[in-house]
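Below, each chain spelled out in residue letters.
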There are 6 protein chains.
Amino acid sequence: MATLGLIEYDAASPEVRAVYDDIMTTRKTDYINNFWKALAHDPVTLKRTWASIKEIMAPGALDALTKELIYLAVSTTNQCGYCIASHTAAARKAGMTDQMFAELQAVTGMANESNRLASGWQVEIDDRFKT
Amino acid sequence: MATLGLIEYDAASPEVRAVYDDIMTTRKTDYINNFWKALAHDPVTLKRTWASIKEIMAPGALDALTKELIYLAVSTTNQCGYCIASHTAAARKAGMTDQMFAELQAVTGMANESNRLASGWQVEIDDRFKT
Amino acid sequence: MATLGLIEYDAASPEVRAVYDDIMTTRKTDYINNFWKALAHDPVTLKRTWASIKEIMAPGALDALTKELIYLAVSTTNQCGYCIASHTAAARKAGMTDQMFAELQAVTGMANESNRLASGWQVEIDDRFKT
Amino acid sequence: MATLGLIEYDAASPEVRAVYDDIMTTRKTDYINNFWKALAHDPVTLKRTWASIKEIMAPGALDALTKELIYLAVSTTNQCGYCIASHTAAARKAGMTDQMFAELQAVTGMANESNRLASGWQVEIDDRFKT
Amino acid sequence: MATLGLIEYDAASPEVRAVYDDIMTTRKTDYINNFWKALAHDPVTLKRTWASIKEIMAPGALDALTKELIYLAVSTTNQCGYCIASHTAAARKAGMTDQMFAELQAVTGMANESNRLASGWQVEIDDRFKT
Amino acid sequence: MATLGLIEYDAASPEVRAVYDDIMTTRKTDYINNFWKALAHDPVTLKRTWASIKEIMAPGALDALTKELIYLAVSTTNQCGYCIASHTAAARKAGMTDQMFAELQAVTGMANESNRLASGWQVEIDDRFKT
């Protein structure tokens, strides 16, 4: 169970409920996932984190699906079990197919490999890559 | 300098030159970056790594730009200096604008934050996210 | 279960018991947690690791609570499930309140985010920060 | 150099200047470090990141020094060169002595070691640590 | 359960079966572990990953046991639960004794500690270590 | 430069010199590398860290070369610049050839890749790998 437990909607303060409501409206769902229910014990962090994610994940120069794919690639690299599970679901909802998922994992795996080859072989940065 | 130094085209064996040639043809460039010149001391790894990257990064269900964005997000998460520099260049070549770059970094940063919040608060995976 | 299983006090050798005894005396507890019972299969590592932790975690220029908070922040960054669980307990015993826990997680999360922003944007170190 | 270069105060837009001004006022300094000057190319991220850090790092249940120590421990764990340099400076400004620095590094190092021992030996979480 | 489930031998396509057969022949076993059964949903990645691992893990300048030890040390550093479990089994099959396992973990733990001490204390590379 | 600078032999206290002497004797060299000269500002950590490394790296069930290879694999995975440089040198001194180095890097790279594939595909641990 989460360190301080989960706060369900019915037991939430008006401040927390306002965040829950905005999450449900923004995501067009009636479901609040555990991440938010755990953070709700710290309403300041809950509010700031949701506001940040809402701003960051809104479509911009990158569309919503691409952003979800990036989120999943990072979560996979960090090997965060909760995040891989929840963002696999989120990416699918945003349009990720099984084939996209497989290609995403392949790129993520390869990048993790070549990152170590570059570091382990102590490759110096090409002059043309220096900004 | 790279651990075993860099092998330039002129000094390369036919086996290594064949890989260099394929890199230049595939990427439509006459430039071989240091990563490959360092790995060239181990022709087996050079050949396998290039073949893998060529296969993985070819457009499929995900287009070339999306794959490069994922590669850069992973390299940023791992904080690999060489890889960030070289894949920022590669992503730009594939069409990444400054605004896309900024949004990519914002998503990558946020994912790294929320990964730790989920782990640190010991959030259990929602039943609906279990596959 | 731990790779080589756990060694309980009754089944432990005198060498291992001596470490267990010192842990219980130092920590004012009659409980040995699984970490030590697993390491006990390698008495040399058990003894050295306990001696190191005992020395490092003793109050000095930093008090015991601050040291536990740092330990938890590192464990959270590395996403070590066992360590997050055990050091959340240890930090609480040393005086960490729920509010301190929440603030610790917020700082840890933000640091993980800004570490990637600094690396991803390839920010060069300010001259004044060079020692 | 940073990927998109640094934006100095004189060349900054009013929006960016407002953030720079708030940083200088809050931190009682006339110096803006490179991190912010790099992020300034993305005013939305600049503004959100500063607002988050300002809120998170303000004294609360944990004092300012303790928060800086945690920030440095995380940056050290992630091995972010820029962040280690800048947060060593920030922690010193908040009161970190050389002895505190040394103890912080000792705890951080040990936590990184024991995290791997716990994972590598596959130690299961003690029932009493399950929340 | 794995994201897309596991593909058993009987349900596998001829392409996937060919990889399964080669794994069993090469490893002298009649068991295919879950890693491969999960990847089988992406036959291209399955085939490439197996071909790479087969080539990399074959005895060369380093023998099979040493390679398995390195694999386990990396998996422990990354704290990958699946990989620690499966490569502990693989290393044992290749000859790792309990004492070797314990020493491997001790070295891995210490390296993780000293890596942070070197980074946290901002130690510059000795001239003689520059290649 | 290291955060608190480097302490040369001539300027060292008797306590620090004793550690330096033991390092030089144990390693059969007249050179003290920067890592120790930086840590010397904290004699307690210097002494404990050296004693731990001396004990851990001594030949046992694993020989000295194998231990150095593991150390380098971990340092590469963590992408610690100082540690990769210094332990590449140490491993060579212990007998690592260029071919061994290349194979070590290949295994390290592949392990980093497959760690993410296992995590990203959410592969469950096989019953037979559960200890």
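Quick caveat: nothing in here was measured; it's all calculated off a predicted structure.

A. Structural view of the state of the cysteines. All names here are of chain A. A complete count under the given rule lists 6 disulfides over all chains for this structure. Cysteine 80 shares a disulfide with cysteine 83; S-S distance 2.3 Å. Here cysteine 80 and cysteine 83 share a disulfide; its torsion about the S-S bond, 50°, makes the bridge right-handed. Here cysteine 80 and cysteine 83 have matching classes, each one buried.

B. A look at the packing of aromatic side chains. This model, assessed by the stated rule, comprises 26 aromatic pairs over all chains. Judged by centre distance (5.6 Å) and plane angle (90°), the ring pair of tryptophan 36 of chain C and tryptophan 50 of chain C falls under edge-to-face. Remark: tryptophan 50 of chain C occurs in helix α3 (residues 43–57) and tryptophan 36 of chain C occurs in helix α2 (residues 34–39); sequence separation between them is 14 residues. Classification of tryptophan 36 of chain C by relative accessible area gives buried; the value is 2%. Judged by its relative accessible area of 5%, tryptophan 50 of chain C falls in the buried class. A cation sits over an aromatic face here: arginine 128 of chain C above tyrosine 31 of chain D, 3.5 Å from the ring centre.

C. Spotlight on the interface of chain D and chain C. Each partner contributes residues to the interface: chain D has 66 residues there, and chain C has 66 residues. The contact between chain D and chain C buries some 5,900 Å² in all, and 70% of this surface belongs to carbon and sulfur atoms. The largest contributions to the chain D side of the interface with chain C come from Val107, Trp121 and Phe129 of chain D, which together make up 12% of the buried area. Connecting chain D to chain C are 2 salt bridges.

D. Layout of the relation of the copies chain D and chain C. Taken as rigid bodies, chain D and chain C are interconverted by a rotation of 180° and an axial shift of 0.0 Å, the fit giving an RMSD of 0.0 Å. Considering both components of the superposition, the chain copies are consistent with a two-fold axis. A share of 100% of the interface residues of chain D reappears at the interface of chain C, consistent with the copies meeting face to face through the same patch.

E. The packing of helix α4 (residues 64–78) of chain A against helix α6 (residues 98–120) of chain B, seen in detail. Following both chains from N to C, one finds α4 of chain A and α6 of chain B inclined at 45°, their axes separated by 9 Å at the closest point. As judged from the angle between their axes, α4 of chain A and α6 of chain B are oblique. The hand of the α4 of chain A/α6 of chain B crossing is right-handed. When α4 of chain A is examined against α6 of chain B, the residues Lys67, Ile70, Tyr71, Val74, Ser75 and Asn78 of chain A are found in contact with a partner set consisting of Glu103, Leu104, Val107, Thr108, Met110, Ala111, Asn112, Ser114, Asn115 and Arg116 of chain B. A per-class count over the contact of α4 of chain A with α6 of chain B returns 7 nonpolar, 6 polar and 3 charged.

F. Inspection of empty space enclosed by the protein at higher detail. One pass over the structure, following the stated rule, counts 3 cavities of 30 Å³ or more. Counted as a void, the largest cavity has a volume near 70 Å³. Looking at the largest cavity, the residues that line it are Arg48, Thr49 and Ser52 of chain C, Met110 and Glu113 of chain D, Met110 and Glu113 of chain E together with Arg48, Thr49 and Ser52 of chain F. Contributions of two or more residues to the lining of the largest cavity are made by α3 of chain C, α6 (98–120) of chain D, α6 (98–120) of chain E together with α3 (43–57) of chain F. When the residues that make up the lining of the largest cavity are grouped by side-chain class, the tally is 2 nonpolar, 4 polar and 4 charged.

Reading the values: the criteria
- Residues numbered from 1 in each chain as written.
- Chains lettered and ligands numbered in written order.
- Predicted model: local features only at pLDDT ≥ 70, side-chain atom pairs only at ≥ 80, totals over all residues.
- Heavy atoms only, no water.
- Disulfide = S-S within 2.5 Å.
- Buried < 20%, exposed > 50% of the residue type's maximum accessible area, 1.4 Å probe, protein only.
- Phe/Tyr/Trp six-rings, centres within 6.5 Å; stacked < 30°, edge-to-face > 60°.
- Helix = DSSP H or I, 4+ residues; strand = E, 2+ residues; numbered from the N terminus.
- Lys NZ or Arg CZ within 6 Å of the ring centre and 35° of its normal.
- Contact = heavy atoms within 4.5 Å.
- Buried area = accessible area lost by both parts, 1.4 Å probe.
- Salt bridge = Lys/Arg side-chain N within 4 Å of Asp/Glu carboxyl O.
- Least-squares fit on C-alpha atoms with pLDDT ≥ 70 in both.
- Axes fitted to C-alpha atoms, helices over the stretch in contact; angles between N-to-C directions.
- Parallel < 35°, antiparallel > 145°, perpendicular 65-115°, else oblique.
- Left-handed = near helix turned anticlockwise from the far one by under 90°.
- Nonpolar A, V, L, I, M, F, W, Y, C, P; charged D, E, K, R; others polar.
- 1 Å grid on protein atoms, 1.4 Å probe; cavity = no way out; pocket = protein on both sides within 12 Å on 5 of 7 lines; lining within 4 Å.
- Points joined across faces, edges and corners; volume = space filled by probe spheres on them.

Read these as spatial facts, not as claims about activity.
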